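Single-letter residue listing:
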Amino acid sequence: MAKLSYREAVAAAMAQEMRRDDRVIFLGEDVAKAGGVFKATVGLYDEFGPLRVRDTPISEQAILGAAMGAAMTGLRPIAEIMFSDFFAVCWDTVVNEIAKARYMTNGQVETPLVIRSGNGGGARFGAQHSQSIENWAMAVPGLKVVAPSNAADVKGLLAASIRDPDPVLFFEQKSMYGTKCEVPDGEYVIPLGVANVAVEGTDVTIVALAAMVPKAIKAAEILKAEHGLSCEVIDLRCLVPLDTQSIIKSVIKTGRLVTVEENPRLCGWGAEIASIAAEELFWNLDAPITRITTPHIPLASVDVLEDLMIPSVDRIVKTVSEMD
Amino acid sequence: MATAKKPPEKYPLDNSERLDLYRKMAQCRVLQQRAYDLFMQNLVKGTTHLGQGQEAIAAAFGQAMKEDDYTFCTYRGHNHNHMRGVTMTEVLGELMGRDIGLLRGKGGSMHLTKVENGAMGSYAIIGAHLPIAAGAAWSAQYRGTEQVAVCFFGDGTTNIGTFHEALNFAKIWNLPVVYVCENNAYMEYTPIGDVTAVPNPAADRASAYGLEPILVDGNDADVMYQTAMTAIEKARNGGGPTLIEALTYRHHGHSRADPAKYRPEEEVKEWMKRDPVVNYRAKLLTIAGIKEADLKSIDDDVEAMVNEATEAAKNSPPPPDEIAFTDVWADGGAQWRN
Ligand SMILES: Cc1ncc(C[n+]2csc(CCOP(=O)(O)OP(=O)(O)O)c2C)c(N)n1
Ligand SMILES: [Mg+2]
């Protein structure tokens, strides 16, 4: 074990996979010589050279199109879209081309690729560089969606995403690049679609993703200390495949379900989980399902307003403590 | 109309190769004509975008490409797929939504694809496939295979961003890709000149990407063959990308039963005189050693082929319900949760 930052874990996972598989290549804006605007890919250019680690022009459609063309002809590309907000300029390539190709061609076209992207708020970058868009991705048939909450998961889940035969959107939380934790040495792979029970508890199930996970864990500590409530925190890790069974198992035990989402309210991923719970766990529920989300508003830049919008530890504590 | 330049005849064809080129064009012509007839008989579901009038481009590239080269094309891609070995039965079956269709009805007229033949897809979002073709070329370059990607698209496609992104990308990475703009003078219903800043939508933009402007007569099969060979050989030998603008014309409307009334009668008449299939046939008859009987036998073969394919497609049932739920994921299924 070594203590790695979230950003170091990105480079560690990529290096691990690039060492074991020549088919893995990497492209994006400022990712090679500069090591990425978030410095998450430092060292890869030096180790793997200019044929495998490539700087591109500011051409998001070309970046993702090239990744797809390479994937369908036998390679395993990783593409970086600097900020997830920029998916809006290349969403056609993701949705109409990469995600649909296998189905439309009756299984012929393979698109084993990973698109990494800095996602989410907290960096005071304003509305065009701060959005959480994991719910856009979840709405598209044919995409796997991963969003790790700590450096160890970054390493294990990114390795699994690179090995996965399906296209994966891998959302890195911008505000967490500097956070550190113990990360297993050597080859480390966490299967996609397996949620992590970050905190065990018996009274309330709190389902969270990415940056919302440490907040939910912190809230669970406060709820225990100040309200005597035992919360179970489930870190989803992936939205697709969705580990519904872990949620079901937990809610059968606790009878209460809260989701904590950074994406804006409407059609956020928590709505899908709430609907599954309403259909399949209705008789197990002791209280209404509760969603804690960013309101349906573009994010403001200034800290006081951004902090008001993105779910906070206080908001989680208040909401959960006031549940029936 | 701008004048197209004739390339030098660096790659001479012998008579049997010329007959083969004619056969390819004739196949495309009857296949497309049959697709039209079947549509008019209400046997084709959805839509079709046909390529009558544009056969010389598809056939010449079909002749010039190697087996493991990659073809990327648009919804108007039946000819291009057929030239990469997709059978008439597979095309007509797909158009008619039958189980025998190339994609068992899951793709339809606009998405013909046969990966094992290098037919890497027909794309119906304008311009989307230009970067994808660059990616396949990048992959070939990285793997050191000498494969070339050829990417076909229309004049209208030169006005979308991906055209520009892909050309810049292909040039800076010196990719083995050939971009072929089939300028048929119209986007859907609007003349291309009404919506484009330059007279030659592709050729006039070439220099912006460090490429040579190439404008050729897309209805002359020999010219197209020389042009194709030159570009493909250049790409194969590490010379990088080429952008070709081939002047041509749709004999029919944009899609379905579009009568194309927006086109001036005189213009249509002029272009009908430049029918690539009719003219190549006539040209071959002037060449020593090629006889009417040779051509007639090709015409008969091709007619028999399309009749057989039509029967096979008509006799095939629609696909079974269960394939609606296959092949979303690599494991063959459609599960998104446990
Ligand atoms: C992004 C996008 N915009 C619009 C359309 C609708 N559309 C389909 S075909 C077409 C015309 C394309 O013209 P051109 O590139 O000249 O090809 P042609 O049909 O003439 O072969 C349009 C506008 C589309 N499919 N995709
Ligand atoms: Mg056109």
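Here the structure is shown first, and the text comes after it.
Position numbers for residues start from 1 in each chain and track the written sequence from start to end. Naming scheme: in the order in which they are written, chains are lettered from A and ligands are numbered from 1. The predicted origin of the model limits local features to residues at a pLDDT of at least 70 and limits the giving and counting of side-chain atom pairs to 80 or more, whereas totals for whole chains, interfaces and linings rest on all residues. With hydrogens and water stripped out, all remaining heavy atoms of the structure feed into the side-chain values.

Q: I'd like a rundown of the side chain of threonine 105 of chain A, residues and numbers included.
A: Think of it this way: any DSSP run of H or I at least four residues long counts as a helix, any run of E at least two long counts as a strand, and we number them from the N terminus. Note that threonine 105 of chain A resides in the loop between α5 (101–104) and β5 (114–119). The term polar contact refers here to a pair of N or O atoms within 3.5 Å; inside protein, the definition further demands a hydrogen-donor-capable atom paired with an acceptor-capable atom, and it admits residues adjacent in sequence only when both atoms are side-chain atoms. Among the polar contacts made by the side chain of threonine 105 of chain A, one reaches the main-chain amide nitrogen of valine 109 of chain A at a distance of 3.0 Å. If we ignore the near neighbours within four places in the chain, the residues touching threonine 105 of chain A are Leu103 and Thr113 of chain B. Residues count as neighbours in contact if any of their non-hydrogen atoms are within 4.5 Å of one another.

Q: Tell me about helix α10 (residues 276–285) of chain B, residues and numbers included.
A: Residue and element names in this part refer to chain B. Along α10, the residues classified as buried are Pro276, Val277, Tyr280, Arg281 and Leu284. Along α10, the residues classed as buried sweep out an arc of 130 degrees about the axis, all on the same side. A distance of 2.8 Å separates the backbone nitrogen of valine 277 from a side-chain oxygen at the start of α10, and that oxygen is part of aspartate 275. The buried label applies to any residue whose accessible area, calculated with a 1.4 Å probe on protein chains only, is under 20% of its type's maximum; exposed applies above 50%, and partly exposed to all values in between. The arc in question is the one traced by the directions running from the helix axis out to the C-beta atoms.

Q: Pulling in residues and values, what's your account of the sheet that holds strand β12 (residues 238–240) of chain A?
A: Residue and element names in this part refer to chain A. Pairing within the open sheet is mixed, and its 7 strands lie in the order β3-β2-β4-β5-β7-β6-β12. Edge strands, defined here as strands with exactly one partner in the open sheet, are β3 (53–55) and β12. Along the sheet, successive strands turn relative to each other by an average axial angle of 20 degrees, direction set aside. Strands are labelled as partners when DSSP assigns at least two bridges between them. Summarising the sheet, strand β6 (residues 144–146) and β12 pair through 2 bridges and their orientation is antiparallel. Bridging from a neighbouring strand, valine 145 pairs with valine 240 of β12. Only C-alpha atoms enter the line fits that serve as axes; for helices the fit covers just the stretch in contact. Angles between N-to-C directions range over 0 to 180 degrees.

Q: Lay out the packing of aromatic side chains with the relevant residues and their values.
A: The relative placement of two aromatic rings is captured by the distance of their centres and the angle of their planes. The pairing test for Phe, Tyr and Trp rings, Trp by its six-membered ring, is centres within 6.5 Å, and the orientation test on the planes gives stacked under 30 degrees, edge-to-face over 60, and tilted for anything in between. The full count for this structure, using the stated rule, is 19 aromatic pairs over all chains. Judged by centre distance (5.8 Å) and plane angle (65 degrees), the rings of phenylalanine 83 of chain A and phenylalanine 125 of chain A are edge-to-face. A residue pair is termed long-range when its members are at least 10 positions apart, and phenylalanine 83 of chain A in strand β4 (residues 76–83) and phenylalanine 125 of chain A in the loop between β5 and α6 (134–138) qualify at 42 residues. Judged by its relative accessible area of 41%, phenylalanine 125 of chain A falls in the partly exposed class. Following the ring pairs from residue to residue traces out a cluster consisting of Tyr6, Phe38, Phe83, Phe86, Phe125 and Tyr177 of chain A. Across from the ring centre of tyrosine 103 of chain A, 4.0 Å away, lies the NZ or CZ of lysine 106 of chain B, which sits over that ring. A positively charged side chain is recorded as over a ring if its NZ (Lys) or CZ (Arg) lies within 6 Å of the ring centre. The angle to the ring normal must also be within 35 degrees. A cation over an aromatic ring shows up here: arginine 274 of chain B above the ring of tryptophan 271 of chain B, its NZ or CZ 4.1 Å from the ring centre.

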